[in-house]
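Chains, contacts and geometry: an overview
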Amino acid sequence: MTSAHSRLSRASAVLAVVLGSALFLCMLTRVHREHAIDGVYFHPWTSDHMMQVVSIVDVRDEPLKSLWYLHIQPPLLEALRTASAMLHRHSAYPEILRQVDRDLLVLWGACYAILIGAICAWLVRLTRPIYALTCAFLLGALHPAFIFYATYLDGTILSALLMTWFSFELWNARDGRGAPSRLIAAVILLFLTRSIFQLPFLAVVTTALALRGWSRRRLIVFVSVAGVLMCAYLYKQYRLFGVAVTSTFAGYNGCRSIDAPCDWSMRDRAQRLPPLPDPSRALALRRMRKPNGEYNFNQIAYLRISFAQMDQYFRHFRRKPFRETVSAYARNLHLYLMPSSHYARVVETEHELVKRLVWRAPYDRLFSGVPLSLLVAGAGLYWFIHAPGSRERKRLIGLTLPCLYVLLVSVVFEGGENMRFKFFIEPVLVVLLASTAYDLARRFASRISLRQPPAPATPSHESRKHSVSARRRTRLQGSCTLHGR
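Residues numbered from 1 in each chain as written. Predicted model: local features only at pLDDT ≥ 70, side-chain atom pairs only at ≥ 80, totals over all residues. Heavy atoms only, no water.

1. Details of the overall build of the protein
Per the secondary structure count, the protein includes 22 helices and 0 strands. The principal-axis extent of the C-alpha atoms belonging to the protein is close to 90 × 50 × 40 Å. When each of the 485 residues of the protein is scored for burial, the buried share is 51%. Counting contacts in the protein only where the partners sit at least 6 residues apart, residues at least 24 apart contribute 79% of the total. About 22,500 Å² of surface is accessible on the protein, with carbon and sulfur atoms providing 64% of the total. Each charge class in the protein can be summarised by its mean position, and for the 60 positive and 30 negative side chains these summaries are 13 Å apart. (Helix = DSSP H or I, 4+ residues; strand = E, 2+ residues; numbered from the N terminus. Buried < 20%, exposed > 50% of the residue type's maximum accessible area, 1.4 Å probe, protein only. Contact = heavy atoms within 4.5 Å. Areas by Shrake-Rupley, 256 points an atom, 1.4 Å probe, with all protein chains shown as cover. Lys, Arg positive; Asp, Glu negative; His and termini not counted. Charge placed at Lys NZ, Arg CZ, Asp CG, Glu CD.)

What follows is the structure, given as structure tokens:
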């Protein structure tokens with residue numbers, strides 16, 4: 001009965017925070033609806049403004065071809081827009097764009113509520129239900145960056161949700177435990193959502209699972225299934241376009257990451273291009289500009305340019321003085337540590353809802369720059385010091401590797417929008433900081449209780465032995481919360 005009651009209490013906490021977060025976001029958007037453009041957008045960008053998508057007109061008129069010939073970004077976001085466009089395919093532009101964007105924002109709102117619930121579900125495994133619920137709402141639902149990306153058309157909130165799910169499954173995959181099928185699903189969905197999660201990420205995850213204690217047999221099964229699925233898609237991309245990567249690892253992003261000029265000419269590449277599809281095969285390959293005037297980065301003409309830009313990146317990287325390259329990476333790290341909700345300012349827009357949040361300033365200060373760096377470093381050091389033995393420390397290193405990968409790629413292959421990439425792991429950092437604070441408080445309370453004066457009556461020898469044994473068990477259980485025991 002006690003175990004059943006505990007499970008019910010945990011489930012109730014998670015359900016309460018999911019419903020409460022959804023209701024809170026609905027209320028917040030409704031209160032500020034008067035500031036939304038066309039009653040939909042809290043910022044000046046539609047989804048057609050994003051470089052990683054093709055025009056909604058092409059998606060409406062040629063849904064399968066638009067997905068098949070997509071090379072600027074993995075296809076999951078475009079697949080969601082395609083599904084919505086099919087529901088509204090009889091609408092003319094720009095009405096169909098507003099309807100699709102409205103559907104996306106509803107979906108991102110659902111991702112927001114589920115993400116807060118995922119934080120709570122992880123924390124109830126580490127702490128108590130009421131503490132988990134409170135932290136998930138205060139550090140998640142009220143967090144300006146969570147609200148920002150839930151009401152911004154870019155798929156960052158979806159990437160953060162998938163990264164949190166993956167990190168939870170990795171935490172659970174200790175000493176051969178965990179579900180390989182769920183880990184494979186999380187990795188593949190990340191791969192299909194973001195350019196940052198390409199084949200190098202699979203190598204990082206495999207190393208992390210080895211450090212977490214997975215057997216060789218389990219690792220072979222994981223790598224085989226996930227690797228075949230990833231390589232099948234990459235093979236299709238290579239056969240069509242001569243590339244096996246997407247925008248994060250492209251020349252344009254590389255030049256930006258080292259603060260190098262990147263022109264849009266085709267010199268030095270005209271005779272060295274791989275065979276490319278005929279632009280007449282799909283509207284998405286030949287359209288120069290979308291109906292709103294934005295440049296179509298998915299056209300074949302830009303793909304040719306991107307090969308030249310990759311050459312420029314390698315040339316600049318080889319010739320640039322080492323000190324200047326390090327300085328560029330330091331700038332990228334500074335941008336990465338900026339408040340995640342400041343992304344709109346970097347792209348010279350402003351979010352009409354988030355800028356009106358009266359609690360925005362303290363959250364932005366806490367979750368950025370030196371304060372965030374010190375908190376995360378301190379929490380990591382705390383768990384590393386209290387890990388019982390070198391084997392447990394290896395488990396912790398394995399747990400941190402994917403987040404360190406995201407940080408490294410965000411600094412080395414991006415220069416300008418780095419703080420948006422930080423949000424991919426921000427929910428995981430919330431779990432880390434909240435669980436650390438709980439364990440610190442528990443240890444402090446335990447020490448205080450041990451210093452209390454003994455009761456007047458002297459307990460028997462057996463009672464003292466039982467009491468000491470119970471205290472030792474409590475200390476051991478507390479020291480293993482983040483280690484998955």
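Moving on from the coordinates now.
2. A closer look at helix H10 (residues 199–211)
For H10, spanning 13 residues, the distance from its first C-alpha to its last is 19 Å, which sits close to the expected 18 Å at 1.5 Å a residue. The secondary structure elements touched by the buried residues of H10 are helix H8 (156–172), helix H9 (180–193), helix H11 (216–241) and helix H19 (390–412). Within two residues after H10, Gly213 carries a phi angle of roughly 105°, on the positive side. (Expected span 1.5 Å × (residues − 1).)

3. Structural notes on the packing of aromatic side chains
Scanning all chains against the criterion turns up 25 aromatic pairs. Plain terms: the ring middles of Tyr295 and Tyr302 are 6.2 Å apart, the flat faces sit at 80° to each other, and that makes the pair edge-to-face. Of the two residues, Tyr295 and Tyr302, both sit in the buried class. Put simply, the rings of Trp45, Phe146, Phe148, Tyr149, Tyr152, Tyr343 and Phe423 pair up and form one aromatic cluster. (Phe/Tyr/Trp six-rings, centres within 6.5 Å; stacked < 30°, edge-to-face > 60°.)

4. Notes on the environment of Tyr405
Along the chain, Tyr405 turns up in helix H19. Accessibility expressed as a relative area gives 9% for Tyr405, which makes it buried. Distance in space between the C-alpha atoms of Tyr405 and Val205 is 9.6 Å, their sequence separation being 200 residues. Those residues in contact with Tyr405 that sit more than four places away from it in its chain are Ile196, Phe197, Gln198, Pro200, Phe201, Val204 and Phe249.

5. So, the nonpolar core
Ranked by size, the top nonpolar core spans 127 residues in total, and within it Tyr112, Ile147, Phe166, Leu209, Phe222 and Val406 carry the most contacts. Counting residues per element, this core draws most heavily on helix H5 (residues 95–126), which supplies 16 residues. Not counting chain neighbours up to four residues away, the residues in contact with Ile147 comprise Phe24, Leu25, Leu28, Tyr112, Ala141, Leu142, Leu353, Val354, Leu357 and Trp359. Tyr69, Val243, Leu285 and Phe307 belong to the second largest nonpolar core, which has 9 residues in total. (Core = buried A, V, L, I, M, F, W, Y, C linked by side-chain atoms within 4.5 Å.)

6. Examining a nonpolar patch on the surface
Where nonpolar side chains cluster on the molecular surface, the patch consists of Val221, Val225 and Leu229 and spans about 220 Å² of accessible area. With respect to the helices, strands and loops of the structure, Val225 is situated in helix H11. (Patch = residues over 30% accessible without salt bridge, like charges linked within 9 Å, V, L, I, M, F, W, Y side chains within 5 Å. Salt bridge = Lys/Arg side-chain N within 4 Å of Asp/Glu carboxyl O.)

7. Focus on the packing of H9 against H11
In contact at an axis separation of 10 Å, H9 and H11 are set at 25° when each is read in the N-to-C sense. The orientation of H9 relative to H11 falls into the category roughly parallel. The chirality of how H9 crosses H11 is right-handed. Here H9 contributes Pro180, Leu183, Ile184, Val187, Ile188 and Phe191 to the contact with H11, which in turn contributes Arg218, Phe222, Val225, Ala226, Leu229, Met230, Tyr233 and Leu234. Taken together, the residues that form the contact of H9 with H11 break down as 13 nonpolar, no polar and 1 charged. (Axes fitted to C-alpha atoms, helices over the stretch in contact; angles between N-to-C directions. Parallel < 35°, antiparallel > 145°, perpendicular 65-115°, else oblique. Left-handed = near helix turned anticlockwise from the far one by under 90°. Nonpolar A, V, L, I, M, F, W, Y, C, P; charged D, E, K, R; others polar.)

8. Points about the pattern of salt bridges
Overall, the coordinates contain 20 salt bridges when judged by the stated rule. Asp48 is paired through a salt bridge with Arg81; the nearest N and O atoms lie 2.9 Å apart. Of the two residues, Asp48 is situated in the loop between helix H1 (2–31) and helix H2 (56–61) and Arg81 in helix H4 (residues 76–87); the sequence distance between them amounts to 33 residues. Here Arg287 ties to Asp58 by a salt bridge, and the two come within 2.7 Å at their closest N and O atoms.

9. Some remarks on unusual backbone geometry
Along the chain, Tyr93 connects to Pro94 via a cis peptide bond; the corresponding omega equals 10°. Of note, Asp38 is a non-glycine position whose phi angle comes to about 55°, a positive value. Within the element layout of this structure, Asp38 appears in the loop between H1 and H2.

10. Concerning the confidence of the model for the protein
Here the protein averages 89 in pLDDT, and 91% of its residues register 70 or above. Long-range and interchain partners of residues 460–465, a stretch whose pLDDT sits below 50, account for 2 contacts in this model, where long-range means more than four residues apart. Within the model, the stretch residues 470–480 combines pLDDT values under 50 with 12 contacts to residues more than four positions away or in other chains. (pLDDT = per-residue confidence, 0-100.)

11. Observations concerning the side chain of Thr193
Inspection of the secondary structure puts Thr193 in helix H9. Each residue touching Thr193, except ones within four places of it in the same chain, is listed here: Gln73, Pro74, Leu76, Leu158, Ser159 and Leu162.

12. Overview of the environment of Phe42
Position of Phe42 among the secondary structure elements: in the loop between H1 and H2. Measuring from C-alpha to C-alpha, the distance between Phe42 and Leu357 comes to 13 Å, with 315 residues separating the pair along the chain. If we ignore the near neighbours within four places in the chain, the residues touching Phe42 are Thr29, His32, Arg33, Ala36, Thr151, Glu350, His351, Glu352 and Leu353.

13. Observations regarding the state of the cysteines
Overall, the coordinates contain 0 disulfides when judged by the stated rule. Among the cysteines around Cys111, which has no disulfide bond, Cys26 carries the closest sulfur, lying 14 Å off. (Disulfide = S-S within 2.5 Å.)

14. Here's the deal with the environment of Ala141
Position of Ala141 relative to the elements: it lies in helix H6 (residues 129–141). Using a relative accessible area of 0% as the deciding quantity, one classes Ala141 as buried. A sequence separation of 25 residues divides Ala141 from Ile116, and the C-alpha atoms of the two residues are 6.4 Å apart. With near-sequence residues (within four places) excluded, Ala141 lies in contact with Ser21, Phe24, Tyr112, Ile116, Ala136 and Ile147.

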